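A structural walkthrough
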Amino acid sequence: MQIAQKLYEKHIILSAIRPPTVPQNQSRLRLTISASHTQEDLNFVITELIKLL
């Protein structure tokens, strides 16, 4: 949830998937990409994820 919040503050919206949707200790982030995203958009998201992970 902390990573999702920090990304949201940078205008990156993704879902934090938590139990009971996924097994305990297996929470994950879900990112949806569409045709309207540019290569620059994707690079920005990747860079920010690397910083946080």
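Owing to the predicted nature of the structure, the values given are computational and were not obtained by experimental measurement. (Residues numbered from 1 in each chain as written. Predicted model: local features only at pLDDT ≥ 70, side-chain atom pairs only at ≥ 80, totals over all residues. Heavy atoms only, no water.)

Moving on: the confidence of the model for the chain. Averaged over all residues, the pLDDT of the chain is 95; the fraction at 70 or higher stands at 100%. Least confident of the elements in the chain is strand 1 (residues 15-17), whose mean pLDDT is 93; most confident is helix 2 (residues 39-52), at 97. (pLDDT = per-residue confidence, 0-100. Helix = DSSP H or I, 4+ residues; strand = E, 2+ residues; numbered from the N terminus.)

The computed volume of the largest pocket comes to approximately 170 Å³. Forming the boundary of the largest pocket are H11, I12, I13, L31, T32, I33, H37, D41, L42, F44 and V45. Per-class residue counts for the lining of the largest pocket are 7 nonpolar, 3 polar and 1 charged. (1 Å grid on protein atoms, 1.4 Å probe; cavity = no way out; pocket = protein on both sides within 12 Å on 5 of 7 lines; lining within 4 Å. Points joined across faces, edges and corners; volume = space filled by probe spheres on them. Nonpolar A, V, L, I, M, F, W, Y, C, P; charged D, E, K, R; others polar.)

With that settled, the discussion passes to helix 2. For helix 2, which comprises 14 residues, the first-to-last C-alpha distance of 20 Å matches the rise-based estimate of 20 Å (1.5 Å per residue) to within 8%. Those residues of helix 2 lying buried are V45, E48 and L49. Seen from one end, helix 2 has its buried residues packed into an arc of 100 degrees, which puts them on one side. Of the exposed residues in helix 2, the ones pointing more than 90 degrees away from its buried face are Q39, E40, I50 and K51. On its buried face, helix 2 sits against helix 1 (2-9) and strand 2 (28-30). (Expected span 1.5 Å × (residues − 1). Buried < 20%, exposed > 50% of the residue type's maximum accessible area, 1.4 Å probe, protein only. Arc of directions from axis to C-beta. Contact = heavy atoms within 4.5 Å.)

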